[in-house]
Amino acid sequence: MSDHAVLHVKGRVLAGPDDVRDELWVVGGRVTYDRPAGAGDVRTVDGWALPGLVDAHCHVGLGADGPVDADTAEKQALTDREAGALLIRDAGSPSDTRWVDDRDDLPKIIRAGRHIARTRRYIRGYAHEIEPADLVAYVGREARRGDGWVKLVGDWIDRGVGDLAPCWPREAVEAGIAEAHRLGARVTAHCFAESSLRDLVESGIDCIEHATGLTPELIPLFAERGVAIVPTLVNIATFPHLAAGGDDKYPRWSAHMRRLHERRYDTVRDAYDAGIPVYVGTDAGGSLPHGLVAAEVAELVTAGIPPVEALAATSWAARAWLGRPGLEEGAPADLVVYESDPRADVRVLAAPRRVVLNGRVVQ
């Protein structure tokens with residue numbers, strides 16, 4: 001298909017959960033619902049079309065030991081693209097992936113800069129490791145480098161106590177979040193435990209990653225403040241394996257991780273039932289493979305979120321939350337076409353029939 005060809009998508013176009021259209025056209029790489037006059041070279045794609053899926057917690061450019069080379073990062077992005085994830089919120093990466101923006105065949109990335117962690121309180125090679133006195137300066141630096149997001153590590157194992165514990169004193173996170181907001185950036189934080197959450201939410205944080213420590217006592221606070229969560233359930237599935245590795249040296253931590261895993265579905269369902277925004281993220285990169293977006297949607301359904309709402313968490317609602325268009329008139333033509341209605345069975349997301357990025361059929 002040439003850059004000037006017209007694409008005709010017909011069958012069912014899910015412009016919204018209840019906004020179903022019979023067809024759309026792609027002209028000049030953009031969506032239109034008006035049949036173009038005098039179109040010559042037309043390619044037709046049939047099926048059920050969705051906006052390009054969103055992976056709202058992904059790490060392009062990150063490997064198990066830290067930053068990876070450009071060839072590896074490209075393979076990561078292509079794997080996400082093949083899974084239908086065409087918009088990624090990169091929730092922390094030590095690699096400079098700005099070169100991806102010049103590639104119209106790779107997913108669009110919204111970056112949160114590099115993780116900001118407490119000294120020796122995170123995975124080696126991933127984060128800026130600093131002390132609380134430097135938090136505001138580093139938040140400002142990453143807010144300027146990112147695309148409207150900053151990523152904190154809110155808690156991690158404290159080897160002195162042998163369990164998860166908050167990384168930052170309350171006054172430091174208050175000042176750091178205020179600085180990010182002053183610069184027009186939103187803030188999210190890695191949080192497994194219960195004990196880090198209240199300070200972060202009351203300090204004005206915008207999102208919590210994983211949120212396995214969300215308790216019935218904290219849920220009303222999240223709902224009142226409108227703080228979103230990205231549960232990354234495909235990552236939480238690894239907790240028993242992680243816990244087994246710490247049984248001898250850190251038994252309290254291991255037991256805690258198992259408890260968080262055991263109640264993971266109840267945590268997510270209770271959050272959804274309370275009106276807390278829930279979005280799809282896989283935590284790909286580091287130790288998890290890329291291309292897991294369909295598996296994460298299925299996990300949300302297993303947790304008890306209605307299928308259409310789980311679908312919205314990786315499509316219409318997620319794009320609105322990140323400030324990116326879906327399939328509106330004039331929007332960039334980023335869409336995925338499936339064999340059958342994904343609202344009826346989200347498992348169809350695992351088998352895209354066609355992937356269209358910037359108006360070109362790339363798969």
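In the block above lies the structure referred to throughout.
Residues numbered from 1 in each chain as written. Predicted model: local features only at pLDDT ≥ 70, side-chain atom pairs only at ≥ 80, totals over all residues. Heavy atoms only, no water.

## A word on a positive patch on the surface
On the surface, R120, R124, R159 and K249 cluster together to form a positively charged patch. Mapped onto the secondary structure, K249 falls in the loop between helix 7 (239-245) and helix 8 (251-262). Classification of K249 by relative accessible area gives exposed; the value is 63%. (Patch = residues over 30% accessible without salt bridge, like charges linked within 9 Å, V, L, I, M, F, W, Y side chains within 5 Å. Areas by Shrake-Rupley, 256 points an atom, 1.4 Å probe, with all protein chains shown as cover. Salt bridge = Lys/Arg side-chain N within 4 Å of Asp/Glu carboxyl O. Lys, Arg positive; Asp, Glu negative; His and termini not counted. Charge placed at Lys NZ, Arg CZ, Asp CG, Glu CD. Helix = DSSP H or I, 4+ residues; strand = E, 2+ residues; numbered from the N terminus. Buried < 20%, exposed > 50% of the residue type's maximum accessible area, 1.4 Å probe, protein only.)

## A closer look at the side chain of H115
Turning to its location among the elements, H115 is positioned in the loop between strand 9 (108-111) and strand 10 (116-118). Classification of H115 as buried rests on a relative accessible area of 1%. If we skip the residues at most four places from it in the chain, H115 touches H59, L62, A91, G92, S93, Y122, Y126, A127, H128, K151 and V153. (Contact = heavy atoms within 4.5 Å.)

## Here we look at the nonpolar core
Counting residues in each nonpolar core, the largest one holds 80 residues, and the members touching the most others are I205, I208, F222 and L300. Per-element tally for this core: the top contributor is helix 10 (residues 293-303), with 5 residues. Filtering out sequence-adjacent residues up to four positions away, I205 remains in contact with I177, V187, T188, A189, L200 and V227. By size, the runner-up hydrophobic cluster in this structure holds 16 residues, among which are L24, L335, V337 and V361. (Core = buried A, V, L, I, M, F, W, Y, C linked by side-chain atoms within 4.5 Å.)

## Topic: helix 3 (residues 170-182)
Compared with the 18 Å implied by 1.5 Å per residue over 13 residues, the 18 Å span of helix 3 between its first and last C-alpha is a close match. Among all positions of helix 3, only A172, V173, G176, I177, E179 and A180 are buried. For helix 3, the buried positions fall inside an angular range of 155° around the axis, keeping them on one side. Among the exposed residues of helix 3, those pointing more than 90 degrees away from its buried face are E171 and R182. (Expected span 1.5 Å × (residues − 1). Arc of directions from axis to C-beta.)

## Things to note about unusual backbone geometry
Its identity is not glycine, yet R120 carries a phi of approximately 60°, on the positive side. With respect to the element layout, R120 can be found in the loop between strand 10 and strand 11 (128-130). Here the phi dihedral of N358 falls at roughly 55°; this positive angle occurs in a residue that is not glycine. Relative to the assigned elements, N358 resides in the loop between strand 19 (354-357) and strand 20 (360-361).

## Re the sheet that holds strand 3 (residues 30-32)
Judged by pairing direction, the sheet is mixed, and its 7 strands sit side by side in the order 3-2-1-4-18-19-20 without closing on themselves. The two strands at the open ends of the sheet, each matched to only one other strand, are strand 3 and strand 20. Here strand 19 runs beside strand 20; their pairing, made up of 2 bridges, is antiparallel. Following the sheet pairing, L357 is matched in strand 20 by R360. (Pairing = 2+ DSSP bridges.)

So far we have only geometry, and geometry alone does not tell us how the molecule works.
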